[in-house]
Amino acid sequence: MIGRTFSSVLWGMIADRYGRKPVIILGTSTVVIFNTIFGFSVNYWMAIITRFLLGFFNGVLGTTKAYACELFPKEYQALGLSTTSTSWGIGLVIGPALGGFLAQVSILICILICNNYT
């Protein structure tokens, strides 16, 4: 969150100059990259730095809200903004739960495969 506070205005200016879609694509790819690096953190400070960089290079939330305001007509802008915030919150809840479930499934698959070969 700290990284996002330092760079949100910068990402807004980049989105105004180069377009919303490239910033959303770039922000989504940096989320994948820095979350992967965060997962492979070997110490506390590496985890803190990657979380800071994740927030700093992630201009998705503000850009999607601006894109929703441009996309929806005036009378439906509140619906578009609330849908954006709701889907973000649902992703924050379902994403880790789905990841934990899939991790358990992959462990079970490894156990089944190893038992078949021994």
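Each chain carries its own residue numbering, running from 1 in the written order of its sequence. Per-residue local features are limited, in this predicted model, to residues with pLDDT of at least 70; the limit for side-chain atom pairs, both in listing and counting, is 80 or more; totals at the level of whole chains, interfaces and linings are taken over all residues. Heavy atoms from the whole structure form the basis of all side-chain values; hydrogens and water molecules are not counted.

**Topic: helix α3 (residues 44–56)**
Consideration 1: The end-to-end C-alpha separation of α3 is 18 Å, in line with the 18 Å expected for 13 residues at 1.5 Å each.
Consideration 2: Taken together, the buried positions of α3 are occupied by A47, T50, L54 and G55. Each buried residue of α3 lies within a common arc of 135 degrees when the element is viewed along its axis, so the set occupies one face. In this text, helices come from DSSP runs of H or I with a minimum length of four residues, and strands from runs of E with a minimum of two, each type numbered from the N-terminal end. Under the convention used throughout, the expected extent of a helix is 1.5 Å for every residue step, that is, one less than its residue count. Relative accessibility under 20% of the residue-type maximum defines a buried residue, over 50% an exposed one, and the middle range a partly exposed one, all with a 1.4 Å probe and only protein chains included. It is the directions from the helix axis to the C-beta atoms that the arc portrays.

**Focus: helix α1 (residues 2–18)**
Consideration 1: Taking 1.5 Å per residue, 17 residues should reach 24 Å; α1 reaches 25 Å between its end C-alpha atoms and fits that length.
Consideration 2: The reported bend at a residue is simply the angle between two axes, fitted to the 7 residues ending at it and to the 7 residues beginning with it. Of all bends in α1, the biggest is about 45 degrees, found at S8.
Consideration 3: Considered for burial, the residues of α1 that qualify are G3, S7, W11 and A15.
Consideration 4: In what follows, a contact means two residues having at least one pair of non-hydrogen atoms within 4.5 Å. If you follow the buried residues of α1, they end up packed against α2 (20–39), α3 and α4 (60–71).
Consideration 5: Looking one or two residues beyond α1, the residue adopting positive phi is G19, at roughly 110 degrees.

**Brief notes about the pattern of salt bridges**
Consideration 1: Every case where a carboxyl oxygen of Asp or Glu lies within 4 Å of a side-chain nitrogen of Lys or Arg is listed as a salt bridge. Evaluated as defined, the whole model comprises two salt bridges.
Consideration 2: The residue D16 makes a salt bridge to R20 at a minimum N-O spacing of 2.8 Å.
Consideration 3: Here D16 falls in the exposed class, since its relative accessible area comes to 56%.
Consideration 4: A salt bridge links R20 to E70; the nearest nitrogen and oxygen atoms lie 2.6 Å apart. Within this pair, whereas R20 is found in helix α2, its partner E70 is found in helix α4, the two being separated by 50 residues in sequence.
Consideration 5: Since its relative accessible area comes to 15%, R20 is described here as buried.
Consideration 6: Three or more residues are tied together by salt bridges with common partners; here these are D16, R20 and E70.

**Some words on the side chain of T30**
Consideration 1: By the secondary structure assignment, T30 is in helix α2.
Consideration 2: Here the side chain of T30 touches G27 through a polar contact of 2.7 Å, landing on its backbone oxygen.
Consideration 3: Beyond its immediate chain neighbours, meaning those up to four positions away, T30 contacts N35, L54, F57 and N58. Each polar contact in these results corresponds to two N or O atoms within 3.5 Å; when the atoms are within protein, one needs to be able to donate a hydrogen and the other to accept it, and residues that are neighboring in sequence are counted only if both atoms are side-chain atoms.

**Some details on the packing of α2 against α4**
Consideration 1: α4 packs onto α2 with a crossing angle of 150 degrees between their chain directions and a minimal axis gap of 9 Å. Here α4 runs roughly antiparallel to α2, going by the angle between their axes. Between α2 and α4 the crossing geometry is left-handed. Contacts between α2 and α4 involve R20, K21, V23, I24, G27 and T28 on the former and, on the latter, V60, T63, T64, A66, Y67 and E70.
Consideration 2: Residues that form the contact of α2 with α4 fall into these classes: five nonpolar, four polar and three charged. Every angle, taken between N-to-C directions, lies between 0 and 180 degrees, and every axis is a line fitted to C-alpha atoms, over only the stretch in contact when it is a helix. Put simply, angles under 35 degrees are roughly parallel, angles over 145 are roughly antiparallel, angles from 65 to 115 are roughly perpendicular, and the rest are oblique. What makes a crossing left-handed is the near helix being turned counterclockwise from the far one by less than a right angle; a clockwise turn instead makes it right-handed. Only Asp, Glu, Lys and Arg are considered charged, only Ala, Val, Leu, Ile, Met, Phe, Trp, Tyr, Cys and Pro nonpolar, and every remaining residue, Gly among them, polar.

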